[in-house]
Amino acid sequence: MRSQIAALCRDSYSTLTSGKLVEHVREALCKHHSRQLATAAIDTPKSKFGLRLSNKVPLSPHRRLLSTSQFLQQDTAATSQGQTNNLKEDSESAALFNGLDEQFPCLMRNPSKGPEPEYHQVVSGYKKFTYDRPFHFKYNDGVIPSLTVAYETWGELNADKSNAILLTAGLSASSHAKSHSENPKPGWWEKFIGPGCAVDTNKYFVICTNTLGGCYGSTGPSSINPETGEPYGTTFPLLSVKDMVNAQFLLLDHLGVEKVYATIGSSLGGMCSLTSAVEYPERVGRMLSISSCALSHPTSIAMRYLQRKSIMTDPMWQNGHYYGKSYPRNGMKMARELATMTYRSGPEWSQRFSRKRIDENEKLALCPTFLIESYLDYQGEMFCTMYDPNSLLYISKAMDLFDIGEDHEDITSACAKITCPIMVLGVTTDILFPIWQQKQLADVCRAAGNGKVTFYSLDSVYGHDTFLLNLNDIGSAVKGFLDTEQAHSGRVRPRKDQ
(Lines give C-alpha, C1' and ligand atoms only; values in the text may rest on other atoms or scores of the structure.)
Protein backbone atom coordinates (compact mmCIF):
# COMPACT_ATOMS: atom_id res chain seq x y z
CA MET A 1 0.00 0.00 0.00
CA ARG A 2 2.83 2.43 0.84
CA SER A 3 4.51 1.77 -2.54
CA GLN A 4 1.23 2.41 -4.38
CA ILE A 5 0.66 5.76 -2.67
CA ALA A 6 4.30 6.79 -3.11
CA ALA A 7 4.19 5.95 -6.81
CA LEU A 8 0.95 7.86 -7.18
CA CYS A 9 2.48 10.94 -5.56
CA ARG A 10 5.63 10.84 -7.76
CA ASP A 11 3.74 10.23 -11.00
CA SER A 12 1.19 12.95 -10.25
CA TYR A 13 3.48 15.85 -9.32
CA SER A 14 3.91 17.03 -12.89
CA THR A 15 0.40 16.40 -14.15
CA LEU A 16 -2.01 17.16 -11.28
CA THR A 17 -2.93 20.32 -9.48
CA SER A 18 -2.41 20.35 -5.70
CA GLY A 19 -6.10 19.85 -4.99
CA LYS A 20 -6.44 16.92 -7.44
CA LEU A 21 -3.36 15.27 -5.96
CA VAL A 22 -4.97 15.28 -2.55
CA GLU A 23 -8.15 13.81 -3.99
CA HIS A 24 -6.18 11.00 -5.68
CA VAL A 25 -4.45 10.16 -2.41
CA ARG A 26 -7.78 10.25 -0.58
CA GLU A 27 -9.33 7.89 -3.11
CA ALA A 28 -6.45 5.44 -2.85
CA LEU A 29 -6.65 5.40 0.94
CA CYS A 30 -10.39 4.92 0.99
CA LYS A 31 -10.18 1.98 -1.42
CA HIS A 32 -7.83 0.08 0.87
CA HIS A 33 -9.36 1.20 4.15
CA SER A 34 -5.90 1.88 5.49
CA ARG A 35 -5.95 2.39 9.27
CA GLN A 36 -2.34 3.50 9.44
CA LEU A 37 -2.71 6.29 6.87
CA ALA A 38 -6.11 7.57 8.00
CA THR A 39 -4.68 11.06 8.34
CA ALA A 40 -1.70 12.59 6.61
CA ALA A 41 -0.24 16.01 6.11
CA ILE A 42 0.81 15.99 2.47
CA ASP A 43 3.13 18.70 1.15
CA THR A 44 2.87 19.65 -2.49
CA PRO A 45 5.20 21.98 -4.36
CA LYS A 46 2.67 24.80 -3.98
CA SER A 47 1.09 24.45 -0.54
CA LYS A 48 0.33 22.27 2.48
CA PHE A 49 -2.88 20.40 2.99
CA GLY A 50 -4.32 18.76 6.04
CA LEU A 51 -5.89 15.53 4.86
CA ARG A 52 -8.56 13.79 6.91
CA LEU A 53 -10.70 10.94 5.73
CA SER A 54 -14.43 10.59 5.95
CA ASN A 55 -15.86 9.07 9.15
CA LYS A 56 -16.61 6.00 7.03
CA VAL A 57 -12.94 5.07 7.15
CA PRO A 58 -11.94 3.39 10.43
CA LEU A 59 -9.38 5.54 12.27
CA SER A 60 -6.63 4.35 14.55
CA PRO A 61 -6.67 5.99 17.99
CA HIS A 62 -2.86 6.05 17.87
CA ARG A 63 -2.42 7.41 14.34
CA ARG A 64 0.73 9.28 13.22
CA LEU A 65 0.97 12.31 10.95
CA LEU A 66 3.45 11.86 8.09
CA SER A 67 4.99 14.72 6.13
CA THR A 68 5.55 14.30 2.38
CA SER A 69 9.30 13.88 2.77
CA GLN A 70 8.83 11.20 5.41
CA PHE A 71 6.12 9.61 3.33
CA LEU A 72 8.17 9.43 0.11
CA GLN A 73 11.25 8.15 1.93
CA GLN A 74 9.38 5.01 2.89
CA ASP A 75 10.37 1.90 0.99
CA THR A 76 8.32 2.11 -2.21
CA ALA A 77 8.74 -1.57 -2.82
CA ALA A 78 7.50 -2.76 0.53
CA THR A 79 7.43 -6.52 0.81
CA SER A 80 4.97 -8.62 2.68
CA GLN A 81 7.56 -9.03 5.42
CA GLY A 82 7.91 -5.25 5.69
CA GLN A 83 4.19 -4.79 6.12
CA THR A 84 4.25 -7.43 8.85
CA ASN A 85 7.03 -5.52 10.63
CA ASN A 86 4.99 -2.31 10.46
CA LEU A 87 2.01 -3.98 12.08
CA LYS A 88 4.26 -5.35 14.80
CA GLU A 89 5.69 -1.89 15.51
CA ASP A 90 2.20 -0.38 15.78
CA SER A 91 1.18 -3.15 18.15
CA GLU A 92 4.19 -2.48 20.38
CA SER A 93 3.44 1.27 20.38
CA ALA A 94 -0.15 0.62 21.39
CA ALA A 95 1.02 -1.48 24.32
CA LEU A 96 3.18 1.41 25.59
CA PHE A 97 0.48 4.10 25.43
CA ASN A 98 -3.29 4.06 25.57
CA GLY A 99 -4.75 7.52 26.09
CA LEU A 100 -8.11 9.21 25.77
CA ASP A 101 -9.79 9.73 22.45
CA GLU A 102 -9.11 13.35 21.52
CA GLN A 103 -12.68 13.85 20.35
CA PHE A 104 -15.08 15.35 22.92
CA PRO A 105 -18.68 14.57 22.03
CA CYS A 106 -19.99 16.21 25.21
CA LEU A 107 -23.65 16.24 24.41
CA MET A 108 -26.15 18.38 26.30
CA ARG A 109 -28.30 16.07 28.36
CA ASN A 110 -30.72 16.67 31.20
CA PRO A 111 -31.87 13.27 32.39
CA SER A 112 -32.86 14.56 35.82
CA LYS A 113 -36.36 15.75 36.61
CA GLY A 114 -37.10 18.27 39.30
CA PRO A 115 -38.80 21.61 40.03
CA GLU A 116 -37.45 24.54 38.03
CA PRO A 117 -38.48 28.21 37.80
CA GLU A 118 -40.64 29.31 34.88
CA TYR A 119 -38.44 31.69 32.89
CA HIS A 120 -39.21 32.61 29.30
CA GLN A 121 -37.90 35.04 26.72
CA VAL A 122 -40.69 37.61 26.83
CA VAL A 123 -41.12 39.57 23.61
CA SER A 124 -44.81 40.52 23.78
CA GLY A 125 -47.84 40.72 26.04
CA TYR A 126 -46.66 43.67 28.12
CA LYS A 127 -47.61 47.35 28.21
CA LYS A 128 -45.10 50.17 27.92
CA PHE A 129 -44.82 53.47 29.74
CA THR A 130 -42.47 56.04 28.20
CA TYR A 131 -41.02 58.92 30.17
CA ASP A 132 -40.12 61.50 27.52
CA ARG A 133 -37.78 63.52 29.67
CA PRO A 134 -34.13 62.99 30.63
CA PHE A 135 -33.74 60.31 33.28
CA HIS A 136 -30.85 60.83 35.70
CA PHE A 137 -28.88 58.01 37.31
CA LYS A 138 -27.36 57.88 40.76
CA TYR A 139 -23.76 57.25 39.74
CA ASN A 140 -21.34 59.26 37.56
CA ASP A 141 -23.94 61.89 36.64
CA GLY A 142 -25.39 59.41 34.15
CA VAL A 143 -28.38 60.50 32.09
CA ILE A 144 -30.38 59.12 29.15
CA PRO A 145 -32.75 61.13 26.90
CA SER A 146 -35.87 59.14 27.75
CA LEU A 147 -37.03 56.05 29.59
CA THR A 148 -39.36 53.13 28.84
CA VAL A 149 -40.75 50.77 31.49
CA ALA A 150 -42.42 47.51 30.45
CA TYR A 151 -45.09 46.25 32.83
CA GLU A 152 -47.98 43.83 33.20
CA THR A 153 -50.99 43.94 35.51
CA TRP A 154 -53.52 41.54 37.02
CA GLY A 155 -56.74 42.27 38.89
CA GLU A 156 -58.65 45.55 38.93
CA LEU A 157 -57.57 48.89 40.36
CA ASN A 158 -60.28 50.09 42.75
CA ALA A 159 -61.92 53.51 42.65
CA ASP A 160 -59.59 55.22 45.10
CA LYS A 161 -56.55 53.36 43.70
CA SER A 162 -55.58 52.03 47.11
CA ASN A 163 -55.29 48.31 46.31
CA ALA A 164 -52.19 48.33 44.06
CA ILE A 165 -49.32 45.96 44.82
CA LEU A 166 -45.93 46.64 43.26
CA LEU A 167 -44.14 43.36 42.54
CA THR A 168 -40.45 43.45 41.62
CA ALA A 169 -38.68 40.59 39.87
CA GLY A 170 -35.25 39.06 40.40
CA LEU A 171 -32.17 39.69 38.24
CA SER A 172 -33.13 37.86 35.05
CA ALA A 173 -36.92 37.74 35.30
CA SER A 174 -39.33 39.78 33.22
CA SER A 175 -42.60 41.55 33.95
CA HIS A 176 -44.37 38.28 33.15
CA ALA A 177 -45.10 37.05 36.66
CA LYS A 178 -48.46 35.46 35.76
CA SER A 179 -50.09 34.20 32.56
CA HIS A 180 -52.91 36.21 30.98
CA SER A 181 -54.72 36.49 27.67
CA GLU A 182 -51.95 38.54 26.04
CA ASN A 183 -49.31 36.00 27.04
CA PRO A 184 -50.61 32.57 28.11
CA LYS A 185 -47.19 31.17 29.04
CA PRO A 186 -46.73 30.48 32.77
CA GLY A 187 -45.16 33.39 34.65
CA TRP A 188 -42.25 33.22 37.10
CA TRP A 189 -44.72 33.54 40.04
CA GLU A 190 -47.58 31.76 38.28
CA LYS A 191 -49.03 29.90 41.28
CA PHE A 192 -48.63 32.78 43.71
CA ILE A 193 -50.87 35.27 41.86
CA GLY A 194 -54.56 34.91 41.03
CA PRO A 195 -58.04 34.71 42.56
CA GLY A 196 -57.74 33.33 46.09
CA CYS A 197 -53.96 32.90 45.77
CA ALA A 198 -51.23 34.31 47.98
CA VAL A 199 -51.51 37.59 46.09
CA ASP A 200 -55.28 37.59 45.61
CA THR A 201 -56.33 39.34 42.41
CA ASN A 202 -59.91 39.46 43.71
CA LYS A 203 -58.59 42.00 46.23
CA TYR A 204 -55.47 43.53 44.74
CA PHE A 205 -54.30 45.15 41.53
CA VAL A 206 -50.86 43.66 40.87
CA ILE A 207 -48.24 45.55 38.88
CA CYS A 208 -44.98 43.90 37.83
CA THR A 209 -42.28 45.70 35.86
CA ASN A 210 -39.29 44.63 33.83
CA THR A 211 -36.44 46.16 35.79
CA LEU A 212 -34.62 49.18 34.37
CA GLY A 213 -31.51 47.82 32.65
CA GLY A 214 -33.31 44.64 31.61
CA CYS A 215 -33.96 43.35 28.11
CA TYR A 216 -37.66 42.48 28.17
CA GLY A 217 -39.18 45.79 27.17
CA SER A 218 -37.67 48.29 29.61
CA THR A 219 -34.78 50.55 28.67
CA GLY A 220 -31.41 48.82 29.00
CA PRO A 221 -28.07 48.32 27.24
CA SER A 222 -29.72 46.60 24.27
CA SER A 223 -32.11 49.54 23.71
CA ILE A 224 -31.51 52.06 20.95
CA ASN A 225 -29.94 55.33 22.06
CA PRO A 226 -32.12 58.04 20.44
CA GLU A 227 -29.08 60.28 20.13
CA THR A 228 -27.04 57.84 18.05
CA GLY A 229 -29.52 55.40 16.52
CA GLU A 230 -27.38 52.53 17.82
CA PRO A 231 -27.78 50.22 20.86
CA TYR A 232 -26.39 51.72 24.05
CA GLY A 233 -24.18 48.71 24.74
CA THR A 234 -21.67 49.55 27.43
CA THR A 235 -22.20 53.29 26.97
CA PHE A 236 -25.34 52.80 29.07
CA PRO A 237 -24.92 54.61 32.42
CA LEU A 238 -23.91 52.60 35.47
CA LEU A 239 -27.05 51.40 37.18
CA SER A 240 -28.18 51.34 40.83
CA VAL A 241 -31.11 49.76 42.66
CA LYS A 242 -32.30 53.27 43.49
CA ASP A 243 -32.51 54.05 39.76
CA MET A 244 -34.68 50.97 39.25
CA VAL A 245 -37.05 52.09 42.01
CA ASN A 246 -37.24 55.67 40.73
CA ALA A 247 -38.28 54.30 37.32
CA GLN A 248 -41.01 52.19 38.96
CA PHE A 249 -42.44 55.18 40.80
CA LEU A 250 -42.56 57.18 37.58
CA LEU A 251 -44.79 54.37 36.29
CA LEU A 252 -46.97 54.60 39.41
CA ASP A 253 -47.33 58.34 38.78
CA HIS A 254 -48.43 57.54 35.24
CA LEU A 255 -51.02 55.06 36.54
CA GLY A 256 -52.28 57.56 39.09
CA VAL A 257 -51.30 55.39 42.08
CA GLU A 258 -50.29 57.70 44.89
CA LYS A 259 -49.65 54.95 47.45
CA VAL A 260 -49.25 51.19 46.95
CA TYR A 261 -50.94 48.82 49.34
CA ALA A 262 -47.68 46.84 49.45
CA THR A 263 -44.40 46.40 47.68
CA ILE A 264 -43.13 42.83 47.32
CA GLY A 265 -39.79 41.64 46.03
CA SER A 266 -37.45 38.66 46.11
CA SER A 267 -33.66 38.70 45.68
CA LEU A 268 -32.97 41.86 43.63
CA GLY A 269 -36.68 42.54 44.03
CA GLY A 270 -36.24 42.52 47.81
CA MET A 271 -33.57 45.20 47.46
CA CYS A 272 -36.04 47.24 45.40
CA SER A 273 -38.84 46.66 47.90
CA LEU A 274 -36.66 47.86 50.77
CA THR A 275 -35.46 50.87 48.78
CA SER A 276 -39.07 51.79 47.95
CA ALA A 277 -40.00 51.87 51.64
CA VAL A 278 -36.92 53.92 52.52
CA GLU A 279 -37.01 56.43 49.65
CA TYR A 280 -40.82 56.73 49.34
CA PRO A 281 -42.06 56.00 52.90
CA GLU A 282 -45.31 57.96 52.46
CA ARG A 283 -46.17 55.97 49.32
CA VAL A 284 -45.70 52.40 50.63
CA GLY A 285 -48.33 50.73 52.84
CA ARG A 286 -46.40 47.49 53.55
CA MET A 287 -42.98 46.18 52.65
CA LEU A 288 -42.16 42.54 52.03
CA SER A 289 -38.58 41.42 51.36
CA ILE A 290 -37.85 37.77 50.48
CA SER A 291 -34.34 36.27 50.38
CA SER A 292 -32.67 39.64 50.16
CA CYS A 293 -30.57 41.97 52.30
CA ALA A 294 -29.76 45.49 53.51
CA LEU A 295 -26.41 45.45 51.71
CA SER A 296 -24.47 42.95 49.60
CA HIS A 297 -21.78 40.94 51.37
CA PRO A 298 -18.38 39.90 49.93
CA THR A 299 -19.27 36.30 49.10
CA SER A 300 -22.27 37.20 46.94
CA ILE A 301 -20.24 39.98 45.30
CA ALA A 302 -17.50 37.46 44.47
CA MET A 303 -20.02 35.05 42.96
CA ARG A 304 -21.51 37.69 40.70
CA TYR A 305 -18.06 39.01 39.77
CA LEU A 306 -17.11 35.61 38.36
CA GLN A 307 -20.26 35.59 36.26
CA ARG A 308 -19.44 38.99 34.81
CA LYS A 309 -15.83 37.96 34.18
CA SER A 310 -17.01 34.91 32.24
CA ILE A 311 -18.92 37.17 29.87
CA MET A 312 -16.36 39.97 29.60
CA THR A 313 -13.48 37.61 28.80
CA ASP A 314 -15.42 35.97 25.97
CA PRO A 315 -13.86 37.40 22.75
CA MET A 316 -17.34 37.60 21.24
CA TRP A 317 -18.39 40.16 23.88
CA GLN A 318 -16.43 42.87 22.02
CA ASN A 319 -16.54 45.37 24.90
CA GLY A 320 -20.32 45.11 24.94
CA HIS A 321 -20.89 46.10 21.30
CA TYR A 322 -21.86 42.72 19.89
CA TYR A 323 -25.40 43.56 18.77
CA GLY A 324 -26.01 42.45 15.21
CA LYS A 325 -22.51 41.00 15.03
CA SER A 326 -21.27 38.31 17.37
CA TYR A 327 -22.69 36.92 20.63
CA PRO A 328 -20.74 35.88 23.77
CA ARG A 329 -22.51 32.54 24.04
CA ASN A 330 -19.75 30.65 25.84
CA GLY A 331 -19.27 33.37 28.42
CA MET A 332 -23.00 33.68 29.00
CA LYS A 333 -23.37 29.94 29.38
CA MET A 334 -20.57 29.75 31.94
CA ALA A 335 -22.07 32.70 33.83
CA ARG A 336 -25.40 30.92 34.12
CA GLU A 337 -23.77 27.70 35.28
CA LEU A 338 -21.96 29.63 38.02
CA ALA A 339 -25.19 31.39 38.96
CA THR A 340 -27.11 28.12 39.18
CA MET A 341 -24.65 26.92 41.80
CA THR A 342 -25.70 29.87 43.98
CA TYR A 343 -29.44 29.51 43.36
CA ARG A 344 -29.88 25.99 44.71
CA SER A 345 -28.55 24.10 47.74
CA GLY A 346 -26.25 21.22 48.59
CA PRO A 347 -29.00 19.31 50.43
CA GLU A 348 -31.25 19.43 47.36
CA TRP A 349 -28.49 18.24 45.05
CA SER A 350 -27.57 15.44 47.43
CA GLN A 351 -31.16 14.23 47.29
CA ARG A 352 -31.70 14.88 43.60
CA PHE A 353 -28.37 13.87 42.07
CA SER A 354 -26.10 12.35 44.72
CA ARG A 355 -23.12 10.89 42.80
CA LYS A 356 -25.26 9.32 40.10
CA ARG A 357 -23.70 9.06 36.68
CA ILE A 358 -25.28 10.08 33.41
CA ASP A 359 -24.67 6.64 31.94
CA GLU A 360 -23.17 3.85 34.03
CA ASN A 361 -22.12 2.01 30.87
CA GLU A 362 -20.42 4.96 29.19
CA LYS A 363 -16.66 4.96 28.88
CA LEU A 364 -15.09 7.53 31.21
CA ALA A 365 -13.78 10.71 29.58
CA LEU A 366 -13.25 14.39 30.32
CA CYS A 367 -16.83 15.09 29.32
CA PRO A 368 -19.47 15.28 32.09
CA THR A 369 -19.73 12.02 34.01
CA PHE A 370 -22.15 12.92 36.81
CA LEU A 371 -25.77 14.02 36.64
CA ILE A 372 -24.96 17.27 38.44
CA GLU A 373 -22.50 18.20 35.68
CA SER A 374 -25.06 17.53 32.99
CA TYR A 375 -27.65 19.55 34.93
CA LEU A 376 -25.40 22.61 35.09
CA ASP A 377 -24.55 22.26 31.41
CA TYR A 378 -28.22 22.08 30.53
CA GLN A 379 -29.09 25.14 32.62
CA GLY A 380 -26.34 27.13 30.96
CA GLU A 381 -27.37 26.04 27.47
CA MET A 382 -31.04 26.81 28.00
CA PHE A 383 -30.43 30.30 29.39
CA CYS A 384 -27.43 31.57 27.45
CA THR A 385 -29.40 33.03 24.54
CA MET A 386 -32.53 33.91 26.53
CA TYR A 387 -31.14 36.99 28.27
CA ASP A 388 -28.96 39.89 27.15
CA PRO A 389 -25.40 39.53 28.50
CA ASN A 390 -25.01 43.28 29.00
CA SER A 391 -28.20 43.40 31.07
CA LEU A 392 -26.76 40.70 33.30
CA LEU A 393 -23.55 42.74 33.69
CA TYR A 394 -25.34 45.96 34.60
CA ILE A 395 -27.97 44.54 36.93
CA SER A 396 -25.60 42.19 38.76
CA LYS A 397 -23.22 45.13 39.29
CA ALA A 398 -26.09 47.17 40.74
CA MET A 399 -26.75 44.32 43.17
CA ASP A 400 -23.10 44.32 44.23
CA LEU A 401 -23.19 48.05 44.85
CA PHE A 402 -26.39 47.87 46.89
CA ASP A 403 -26.16 49.33 50.38
CA ILE A 404 -29.36 50.80 51.78
CA GLY A 405 -27.30 53.02 54.07
CA GLU A 406 -25.14 54.49 51.30
CA ASP A 407 -27.11 57.75 51.04
CA HIS A 408 -27.69 57.88 54.79
CA GLU A 409 -25.59 57.81 57.93
CA ASP A 410 -25.82 54.01 58.10
CA ILE A 411 -28.29 51.19 57.45
CA THR A 412 -30.09 51.84 60.74
CA SER A 413 -30.74 55.49 59.97
CA ALA A 414 -31.92 54.47 56.50
CA CYS A 415 -34.38 51.91 57.86
CA ALA A 416 -35.61 54.44 60.42
CA LYS A 417 -37.39 56.17 57.53
CA ILE A 418 -39.69 53.17 57.03
CA THR A 419 -43.08 53.77 58.61
CA CYS A 420 -45.06 50.77 57.37
CA PRO A 421 -45.33 47.15 58.57
CA ILE A 422 -42.45 44.97 57.41
CA MET A 423 -42.10 41.28 56.67
CA VAL A 424 -38.71 39.69 56.04
CA LEU A 425 -38.46 36.10 54.81
CA GLY A 426 -35.28 34.05 54.59
CA VAL A 427 -34.28 30.46 53.81
CA THR A 428 -31.80 28.45 55.87
CA THR A 429 -30.20 26.81 52.80
CA ASP A 430 -29.73 30.03 50.80
CA ILE A 431 -26.03 30.54 50.03
CA LEU A 432 -26.47 33.64 47.83
CA PHE A 433 -28.37 35.61 50.47
CA PRO A 434 -27.61 33.72 53.72
CA ILE A 435 -30.28 33.64 56.40
CA TRP A 436 -28.24 35.88 58.69
CA GLN A 437 -28.72 38.73 56.22
CA GLN A 438 -32.51 38.57 56.54
CA LYS A 439 -32.20 38.36 60.32
CA GLN A 440 -29.88 41.37 60.21
CA LEU A 441 -32.42 43.36 58.17
CA ALA A 442 -35.26 42.53 60.56
CA ASP A 443 -33.13 43.39 63.61
CA VAL A 444 -32.00 46.70 62.10
CA CYS A 445 -35.59 47.70 61.34
CA ARG A 446 -36.60 46.96 64.93
CA ALA A 447 -33.58 48.81 66.27
CA ALA A 448 -34.59 51.76 64.13
CA GLY A 449 -37.89 51.93 66.00
CA ASN A 450 -40.27 49.98 63.78
CA GLY A 451 -42.50 47.87 66.01
CA LYS A 452 -44.28 46.16 63.12
CA VAL A 453 -41.58 43.78 61.90
CA THR A 454 -42.29 40.13 61.13
CA PHE A 455 -39.43 37.73 60.42
CA TYR A 456 -39.74 34.17 59.13
CA SER A 457 -36.92 31.71 58.73
CA LEU A 458 -37.94 28.91 56.37
CA ASP A 459 -36.49 25.42 56.05
CA SER A 460 -36.39 24.41 52.40
CA VAL A 461 -34.02 22.35 50.26
CA TYR A 462 -34.35 24.70 47.29
CA GLY A 463 -31.93 27.34 48.55
CA HIS A 464 -32.28 30.80 47.01
CA ASP A 465 -34.86 29.56 44.48
CA THR A 466 -37.25 28.75 47.33
CA PHE A 467 -39.10 32.01 46.66
CA LEU A 468 -39.97 30.69 43.19
CA LEU A 469 -40.76 27.09 44.08
CA ASN A 470 -42.09 26.72 47.62
CA LEU A 471 -45.72 27.74 47.30
CA ASN A 472 -46.83 26.40 50.67
CA ASP A 473 -44.38 28.24 52.91
CA ILE A 474 -43.73 31.38 50.90
CA GLY A 475 -47.32 31.63 49.71
CA SER A 476 -48.79 31.23 53.19
CA ALA A 477 -46.48 33.85 54.68
CA VAL A 478 -47.18 36.34 51.88
CA LYS A 479 -50.95 35.87 52.08
CA GLY A 480 -50.95 36.20 55.85
CA PHE A 481 -48.93 39.40 55.73
CA LEU A 482 -51.10 41.01 53.04
CA ASP A 483 -54.48 40.02 54.46
CA THR A 484 -53.88 40.47 58.20
CA GLU A 485 -54.16 43.78 60.03
CA GLN A 486 -50.95 44.73 61.82
CA ALA A 487 -51.86 47.91 63.64
CA HIS A 488 -49.28 47.77 66.42
CA SER A 489 -46.75 44.97 66.14
CA GLY A 490 -45.45 42.21 63.96
CA ARG A 491 -44.37 38.78 65.13
CA VAL A 492 -41.27 36.73 64.84
CA ARG A 493 -40.98 33.00 64.17
CA PRO A 494 -37.58 31.84 65.40
CA ARG A 495 -35.38 29.46 63.49
CA LYS A 496 -36.11 25.83 64.26
CA ASP A 497 -32.53 25.21 65.31
CA GLN A 498 -32.58 27.97 67.97
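Details of the structure are given in the entry above.
Residues numbered from 1 in each chain as written. Predicted model: local features only at pLDDT ≥ 70, side-chain atom pairs only at ≥ 80, totals over all residues. Heavy atoms only, no water.

**Side note on the overall build of the chain**
A tally of helices and strands in the chain yields 15 helices and 15 strands. Among the 498 residues that make up the chain, the fraction classed as buried is 50%. At a minimum sequence separation of 6, the contacts of the chain that also span at least 24 residues come to 74%. (Helix = DSSP H or I, 4+ residues; strand = E, 2+ residues; numbered from the N terminus. Buried < 20%, exposed > 50% of the residue type's maximum accessible area, 1.4 Å probe, protein only. Contact = heavy atoms within 4.5 Å.)

**Quick look at the environment of proline 134**
Note that proline 134 resides in the loop between β3 (127-131) and β4 (135-136). Judged by its relative accessible area of 48%, proline 134 is partly exposed. Put simply, proline 134 and serine 146 are 12 residues apart on the chain and 5.1 Å apart in space, counted from C-alpha to C-alpha. Proline 134 has contacts with Val143, Ile144 and Pro145, leaving out every residue within four places of it along the chain.

**Some thoughts on helix α6 (residues 268-279)**
Here α6 is 12 residues long and its end C-alpha atoms lie 16 Å apart, about the 16 Å a rise of 1.5 Å per residue gives. Within α6, 11 of the 12 residues are buried, leaving the element largely enclosed by the surrounding structure. Residues Leu268, Gly269, Gly270, Met271, Cys272, Ser273, Leu274, Thr275, Ser276, Ala277 and Val278 constitute the buried set of α6. (Expected span 1.5 Å × (residues − 1).)

**Observations concerning the pattern of salt bridges**
Under the counting rule described, the total for this entry stands at 18 salt bridges. For glutamate 348, the salt bridge is made with arginine 344, and the minimal N-O distance between the two is 3.0 Å. Assigned by exposure class, glutamate 348 and arginine 344 land together as buried. One network of salt bridges, in which partners are shared, links Lys138, Lys242, Glu279, Glu406 and Asp407. (Salt bridge = Lys/Arg side-chain N within 4 Å of Asp/Glu carboxyl O.)

**Considerations on the nonpolar core**
Counting residues in hydrophobic clusters, the biggest one holds 76 residues, and the most contacted among them are Leu147, Leu212, Leu274 and Ile418. If one sorts the elements of this core by residue count, helix α5 (residues 241-255) sits on top with nine residues. If we skip the residues at most four places from it in the chain, leucine 212 touches Phe135, Phe137, Leu147, Ser218, Thr219, Phe236, Leu239, Asp243, Met244, Ala247 and Ile395. Counting residues in each nonpolar core, the second largest holds 31 residues, with Leu167, Val199, Leu425 and Leu469 among its members. (Core = buried A, V, L, I, M, F, W, Y, C linked by side-chain atoms within 4.5 Å.)

**Let's talk about unusual backbone geometry**
Phi at aspartate 141 is positive, roughly 55 degrees, even though this residue is not glycine. In this fold, aspartate 141 is placed in the loop between β4 and β5 (143-144). A relative accessible area of 73% places aspartate 141 in the exposed class. Although it is not a glycine, serine 354 sits at a positive phi angle of roughly 50 degrees. Looking at the element boundaries, serine 354 is found in the loop between α9 (346-352) and α10 (371-383).

**Looking at the pairing of strand β13 (residues 422-427)**
Burial analysis of β13 places six of its six residues in the buried class, the great majority of the element. Residues Ile422, Val424 and Gly426 line one face of β13 and the alternating positions Met423, Leu425 and Val427 line the opposite face, and both faces are buried. Relative to strand β14 (residues 453-458), β13 runs parallel, the two sharing six bridges. When the bridges of β14 are listed, glycine 426 appears paired with serine 457. As for the winding sense of the linkage, the β-α-β connection from β13 through helix α13 (residues 435-447) to β14 is right-handed. (Pairing = 2+ DSSP bridges. Right-handed = clockwise from strand over helix to strand, strands pointing away.)

**Description of the pairing of strand β6 (residues 147-154)**
Across the eight residues of β6, eight count as buried, placing the element largely inside the fold. Where β3 meets β6, five bridges bridge the pair, whose relative direction is antiparallel. Opposite threonine 130, over in β6, you have threonine 148 as the bridge partner. Taken together, the four bridges between β6 and strand β10 (residues 205-209) define a ladder with antiparallel strand orientation. Paired with threonine 153 across the strands is isoleucine 207, a residue of β10.

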